[in-house]
Amino acid sequence: MDVDAVVLELYGLRPADFTAARDARAARARREKNTAAAAAIAALRKPTLAVWAANLLARTHPDRAEALLRLGTELRQAYRELDGAQLRALSHEQHRVIAALAAEAGHMAAGAGEQLRDSVVREVEGIFHGLLADEETARQWAAGCLRKAPTAAVGFEGLEPAPDAVPRPAAAPRRTAEAPAPPAAETAGPAADKDTTAARKDATAAARERAAQASAALQTAEEHLSEAAVARDRAEADAADLRGELAALKERVDTAQQAAREAKRLHRQAEQARAKAERTAQQAARRLAEADRSGG
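Parameters at a glance
- Residues numbered from 1 in each chain as written.
- Predicted model: local features only at pLDDT ≥ 70, side-chain atom pairs only at ≥ 80, totals over all residues.
- Heavy atoms only, no water.
- Helix = DSSP H or I, 4+ residues; strand = E, 2+ residues; numbered from the N terminus.
- Buried < 20%, exposed > 50% of the residue type's maximum accessible area, 1.4 Å probe, protein only.
- Contact = heavy atoms within 4.5 Å.
- Axes fitted to C-alpha atoms, helices over the stretch in contact; angles between N-to-C directions.
- Parallel < 35°, antiparallel > 145°, perpendicular 65-115°, else oblique.
- Left-handed = near helix turned anticlockwise from the far one by under 90°.
- Nonpolar A, V, L, I, M, F, W, Y, C, P; charged D, E, K, R; others polar.
- Arc of directions from axis to C-beta.
- Polar contact = N/O pair within 3.5 Å; in protein donor to acceptor, adjacent residues only side chain to side chain.
- Phe/Tyr/Trp six-rings, centres within 6.5 Å; stacked < 30°, edge-to-face > 60°.
- 1 Å grid on protein atoms, 1.4 Å probe; cavity = no way out; pocket = protein on both sides within 12 Å on 5 of 7 lines; lining within 4 Å.
- Points joined across faces, edges and corners; volume = space filled by probe spheres on them.
- Salt bridge = Lys/Arg side-chain N within 4 Å of Asp/Glu carboxyl O.

## As for the overall build of the chain
If you tally the helices and strands in the chain, you get nine helices and zero strands. Among the 296 residues that make up the chain, the fraction classed as buried is 28%. Once local pairs closer than 6 in sequence are excluded, the contacts in the chain between residues at least 24 apart make up 78%.

## Concerning unusual backbone geometry
Apart from glycine, the bulk of residues carry a negative phi angle, and the bulk of peptide bonds sit in the trans form. If you check the backbone angles, Lys33 has positive phi at about 65° while not being a glycine. Here Lys33 lies in the loop between α2 (15–31) and α3 (35–42).

## Here we look at the packing of helix α4 (residues 49–60) against helix α7 (residues 118–133)
The geometry of α4 relative to α7 is characterised by a closest axis approach of 9 Å and an angle of 60° between their N-to-C directions. Here α7 runs oblique to α4, going by the angle between their axes. Where α4 crosses over α7, the handedness of that crossing is right-handed. Here Leu49, Ala50, Val51, Ala53, Ala54 and Leu57 of α4 lie close against α7, whose contacting residues are Val120, Glu123, Val124, Ile127 and Phe128. Classifying every residue of the contact of α4 with α7 gives ten nonpolar, no polar and one charged.

## Some words on helix α1 (residues 3–10)
What α1 keeps buried is the set Val6, Val7 and Leu10. Seen along its axis, α1 keeps its buried residues to an arc of 100°; they face one direction. Close packing links the buried residues of α1 with α2, α3 and α4. In this structure Asp2 caps α1, since a side-chain oxygen of it lies 3.1 Å from the backbone nitrogen of Asp4.

## Quick look at the packing of α4 against helix α6 (residues 84–111)
Where α4 contacts α6, the two axes come as close as 9 Å, and the packing angle between them is 95°. Judged by the inter-axis angle, α4 sits roughly perpendicular to α6. Residues Trp52, Ala53, Leu56, Leu57 and Thr60 of α4 form the contact with α6, whose own contacting residues are Leu101, Glu104, Ala105, Met108 and Ala109. Considered class by class, the residues forming the contact of α4 with α6 number eight nonpolar, one polar and one charged.

## Observations regarding the environment of Ala21
For Ala21, the location among the structural elements is in helix α2. As a C-alpha pair, Ala21 and Glu9 span twelve residues in sequence and 9.3 Å in three-dimensional space.

## Quick notes on the packing of aromatic side chains
To describe a pair of aromatic rings, one takes the distance between the centres and the angle between the planes. Counted under the stated rule, the structure contains two aromatic pairs. Considering the side-chain rings of Tyr11 and Phe18, the 5.2 Å spacing of their centres and the 55° angle between planes classify their relative orientation as tilted. Across the pair, exposure class does not vary: Tyr11 and Phe18 are buried alike.

## Some remarks on α3
Of the positions making up α3, those classed as buried are Ala37, Ala38 and Ile41. Each buried residue of α3 sits inside an arc of 100° when the element is viewed along its axis, so together they form one side. What points out from α3, more than 90 degrees from its buried face, is the exposed set Thr35 and Ala36. Contact partners of the buried residues in α3: α1 and α2.

## Brief notes about empty space enclosed by the protein
If you walk through the whole model with that rule in mind, you get three cavities of 30 Å³ or more. The space that makes up the second largest cavity amounts to roughly 60 Å³. Along the walls of the second largest cavity sit Leu68, Leu69, Gly72, Thr73, Arg76, Leu131, Leu132, Glu135, Ala138, Arg139 and Trp141, which together make up its complete lining. Only α5 (62–80), α7 and α8 (135–142) provide two or more residues apiece to the lining of the second largest cavity. Of the residues belonging to the lining of the second largest cavity, the class tally is six nonpolar, two polar and three charged.

## Focus on the side chain of Arg22
Its place among the elements puts Arg22 in helix α2. Residue classification places Arg22 among the buried residues on the basis of a relative accessible area of 14%. The residues touching Arg22, leaving out its near neighbours within four places in the chain, are Leu10, Ile41, Ala42, Leu44 and Lys46.

## Quick notes on the pattern of salt bridges
For the coordinates displayed, the defined rule picks out eleven salt bridges. For the salt bridge of Arg25 with Glu9, the shortest nitrogen-to-oxygen distance reads 2.5 Å. Residue Arg25 is located in helix α2, and its partner Glu9 is located in helix α1; the two are separated by 16 residues in the primary sequence. Arg25 sits in the partly exposed class, given a relative accessible area of 23%. Classification of Glu9 as partly exposed rests on a relative accessible area of 35%. The partner of Arg28 in a salt bridge is Glu32, with the nearest N and O atoms 3.0 Å apart. Look at Arg28 and you get partly exposed, because its relative accessible area is 42%. According to the relative accessible area criterion, Glu32 is partly exposed, its value standing at 41%. Connected through salt bridges with shared partners, the residues Glu271, Arg274 and Glu278 form a single ionic network.

In structure tokens:
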């Protein structure tokens with residue numbers, strides 16, 4: 001059995017259909033004595049609605065999936081190169097692209113019979129944000145086989161800038177009108193002019209570097225805020241799902257306990273009936289024995 005083909009098949013199913021299909025494939029692998037495949041398939045986790053919707057988008061529109069992968073590559077490169085201007089431009093782009101992709105995933109899910117709550121659509125957005133920082137998981141998603149939402153990324157945690165990277169300014173400063181030349185009497189000579197020009201260049205370079213660092217810090221802070229909101233919404237959605245599962249389990253426990261009580265009652269009735277039948281049989285046997293002695 002080709003486990004990869006099974007994974008591709010299962011993660012294209014609606015979550016409600018996943019478990020039964022997974023168990024059937026695992027059982028088939030066990031019947032075929034393929035214990036490794038059976039264990040791998042049985043260990044597959046049912047996707048959340050958000051993960052399923054994200055996979056549905058990637059499977060249906062691979063071009064859009066590749067576009068998000070390219071955006072992630074460009075963001076990571078800009079971060080490595082400390083390119084403040086590129087980071088800011090790509091940050092605005094990622095929010096626009098991800099919002100559009102999540103909305104499209106919601107529409108596609110509705111067309112497939114799953115109406116997503118707003119909190120689930122926000123969870124889809126969180127998945128796409130996480131994919132930008134995680135190239136390996138992003139490739140898994142682009143193949144339509146994302147198994148679980150990526151861990152909420154904090155900026156580009158774990159990704160270090162290139163050793164030779166030099167911070168670049170977020171935007172080139174606008175040139176102001178040149179100041180009028182000082183009067184001849186105030187001119188200190190060519191050497192003083194050169195020193196002043198060099199000092200101005202140094203100050204401008206330092207200012208640009210500080211601007212780039214501030215821009216990068218702002219970008220990181222904006223990402224942290226967005227990702228924290230997504231993580232909060234995801235936690236709230238998970239809590240709601242768990243509360244629903246807990247209520248369903250409690251109902252099953254109550255039903256099982258009621259069935260157990262009924263089974264005990266029927267068992268007692270059966271025991272009483274058996275004892276009564278045994279007494280009746282013993283009485284009949286005694287009467288038969290007495291009849292035999294009387295007849296003899």
